[in-house]
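Residue-level structural notes
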Amino acid sequence: MDHRTIELRTAFKQSFGSDAQVAVRAPGRVNLIGEHTDYNDGFCLPMAIERDVLIAYRSRSDTTVRVLSLQQKNLEIFDVGPSEGNRIHKSSQVSARWADYIKGCAQVLREEGLKLHGVDMALTGDVPLGSGLSSSAALEVATMLALLGANGLTFSAEKIAKLAQRAENTYVGTQCGILDQLSSACAVHGQAMLMDCRTLALTPAPLPKGISVVIADTGKRRGLVDSAYNERRAQCEAGARALGVSHLRDVSMAGLWQARQAGKLDAVALKRCEHVVAENGRTVAAFACLTSGNAEAFGQLMDQSHADLRDKFEVSCRELDDMVAISRALPGCLGSRMTGAGFGGCTVSLVKDEHTSAFASSLASAYKKLHDLPMAVYLTCAAAGAGPVVLG
Ligand code: GLA
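Here goes a summary of the coordinates provided.

Moving on, we get to the overall build of the protein. Looking only at helices and strands, one finds 11 helices and 13 strands in the protein. For a compact globule of 392 residues, the expected C-alpha radius of gyration is about 21 Å, and the protein comes in at 21 Å, within 12% of that figure. For the protein, the C-alpha atoms occupy an extent of roughly 65 × 50 × 40 Å along the three principal directions. Per-residue burial for the protein yields a buried fraction of 57% across its 392 residues. Sequence-distant contacts, at least 24 apart, represent 73% of the contacts inside the protein between residues at least 6 apart. Of the accessible surface of the protein, which amounts to about 15700 Å², a share of 52% is contributed by carbon and sulfur atoms. Mean positive and mean negative side-chain charge positions of the protein (41 and 41 charges, respectively) differ by 1 Å.

Okay, the sheet that holds strand β12 (residues 376-380) next. The antiparallel open sheet is built from 4 strands, whose spatial order is β10-β11-β9-β12. Lying at the two open borders of the sheet, with one neighbouring strand each, are β10 (333-339) and β12. Taken over all neighbouring pairs, the strand axes of this sheet differ in orientation by 25° on average, direction set aside. Sheet strands in contact with helix α9 (residues 295-311) are β9 (211-217), β10 and β11 (346-352), and its direction is about 35° off that of β10.

So, on to the site of the ligand. Around the ligand, the neighbouring residues are R29, E35, H36, D38, Y39, C176, G177, L179, D180, Y229, G340 and A341. Contact distances for the ligand include 2.6 Å between an oxygen atom and a side-chain N or O atom of D180. Between the ligand and A341 there is a distance of 3.5 Å, counted from an oxygen atom to a backbone nitrogen or oxygen. Look at the ligand: alone it shows 310 Å² of surface, and the protein chains cover 94% of it. Looking at the shell around the ligand residue by residue, the class counts come to 5 nonpolar, 3 polar and 4 charged.

Mapped onto the secondary structure, T291 falls in helix α8 (residues 267-292). In sequence terms T291 and D79 are 212 residues apart; their C-alpha atoms lie 49 Å from each other.

All right, on to the pattern of salt bridges then. Applying the stated criterion across every chain yields a total of 31 salt bridges. Where R29 meets D180, a salt bridge forms, and the shortest distance between an N and an O atom there is 3.0 Å. Of this pair, R29 sits in strand β1 (residues 22-31) while D180 sits in helix α5 (residues 179-186), and the two are 151 residues apart along the sequence. Note on R29: relative accessible area 3%, which makes it buried. The salt bridge partner of K312 is E274, with a shortest N-O separation of 3.5 Å. Placement of K312 in the loop between α9 and α10 (318-329) and of E274 in helix α8 is noted, with a sequence separation of 38 residues between them.

In this section: the sheet that holds strand β8 (residues 202-206). Strand order across the open sheet formed by 3 strands is β2-β7-β8, with antiparallel pairing between neighbours. In this open sheet, the two edge strands, each paired with only one partner strand, are β2 (43-44) and β8. In the sheet, β2 pairs with strand β7 (residues 191-196) via 2 bridges, with the strands oriented antiparallel. Pairing of F43 across the sheet is with D196, part of β7. The strands that α5 touches are β2, β7 and β8; relative to β7, the one it contacts most, it runs at about 135°. Together, β2, β7 and β8 form the strand contacts of α8, whose direction differs from that of β8 by roughly 50°.

Among the 7 residues that make up β11, 6 are buried, leaving the element largely enclosed by the rest of the structure. Pairing geometry for β9 and β11, over 7 bridges, is antiparallel. Each bridged residue has a counterpart across the sheet, and for S212 the counterpart in β11 is V351. Bridge count for β10 against β11 is 6 bridges, and the pairing is antiparallel. Looking across to β11, one finds that G335 is bridged to L350. Turn length for the β10-β11 hairpin, with the two strands adjacent in sequence and antiparallel, is 6 residues, and the turn residue G340 shows positive phi of about 90°.

Calculation rules
Residues numbered from 1 in each chain as written. Predicted model: local features only at pLDDT ≥ 70, side-chain atom pairs only at ≥ 80, totals over all residues. Heavy atoms only, no water. Helix = DSSP H or I, 4+ residues; strand = E, 2+ residues; numbered from the N terminus. Rg over C-alpha atoms; globule rule 2.2 N^0.38 Å. Buried < 20%, exposed > 50% of the residue type's maximum accessible area, 1.4 Å probe, protein only. Contact = heavy atoms within 4.5 Å. Areas by Shrake-Rupley, 256 points an atom, 1.4 Å probe, with all protein chains shown as cover. Lys, Arg positive; Asp, Glu negative; His and termini not counted. Charge placed at Lys NZ, Arg CZ, Asp CG, Glu CD. Pairing = 2+ DSSP bridges. Axes fitted to C-alpha atoms, helices over the stretch in contact; angles between N-to-C directions. Near = heavy atom within 4 Å. Polar contact = N/O pair within 3.5 Å; in protein donor to acceptor, adjacent residues only side chain to side chain. Nonpolar A, V, L, I, M, F, W, Y, C, P; charged D, E, K, R; others polar. Salt bridge = Lys/Arg side-chain N within 4 Å of Asp/Glu carboxyl O.

Take a look at the structure:
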């Protein structure tokens, strides 16, 4: 039991007057390659990280939900009973917006026709917020597990991921794909996963031996990310329509070239589509590199991915580009790229084990000379997906 579970158990008892029955956790994720491909029915290659959201809970006999956030130092109370009408109201106070992820999960379960009991929950987490490591998905997936558990229900991990995504799409209002929630719900300890976002099939793959995954947070928070993200998604959907397919997954580089000759795409649409089509190919190739243990080739694909995200998909920023450039110049680094939606947040690099600690300290000092931001470096192994936790 680590200090977080002890703190959580103590806070639960202090706030709600009795012991929690159960605790669950859901991890954040880092995407190694395959960015902005999920909502194009394409491929991603994520792994869960050793940072997560923990929720301790106890079911109630009424329909009240009480949620204590240790991070936000905030208690939110709402009702999930039928007398509340069809929609649970969103939080009006900015300081309580975190609770909308929880309300959204309850709302989606009600829309599934479930008659929910109430629950007392205390939550804590160490996934850095708004940094591209899926703190929201971790919160949603952990909440789904707690709400279902408190109601004596079990759903498959895939169904939990889909419901959590729906909560984010329809309640919180971000048009994200399935990458984050599926990673958090279904990750496999010690493995990365090729994710086919059309079939939702996950194929685990070992990480290269002697290589570390190093995450570096630029400290830049993703302002205006939702509108820019939704705009990119709309551009991809318009591109697919112009090319006569349902999703860009179904377009080849040759097909894109023909469409360009025929003048079917304007210059911006062409750049967006080029990234997605190339990135899908790179992700499948990167998976093959993992299965054959070719870390060098994997690193090169990461570098190409970053270049396209910067130049063609235009979701990078100065801080991410600087972090990647510094990383690439350091000894032992095989590849580096932005990870997640972009516009700030984190990079991910593959680094030879013997260089990892020098890499982390050199990266931090070189980056701090360029940007006065609260940067951080995290080393992580591939963690397991969401599930129960022993509270002791
Ligand atoms: C965010 C979204 C994901 C995915 C990535 C970009 O993390 O939540 O669905 O689109 O951006 O790959």
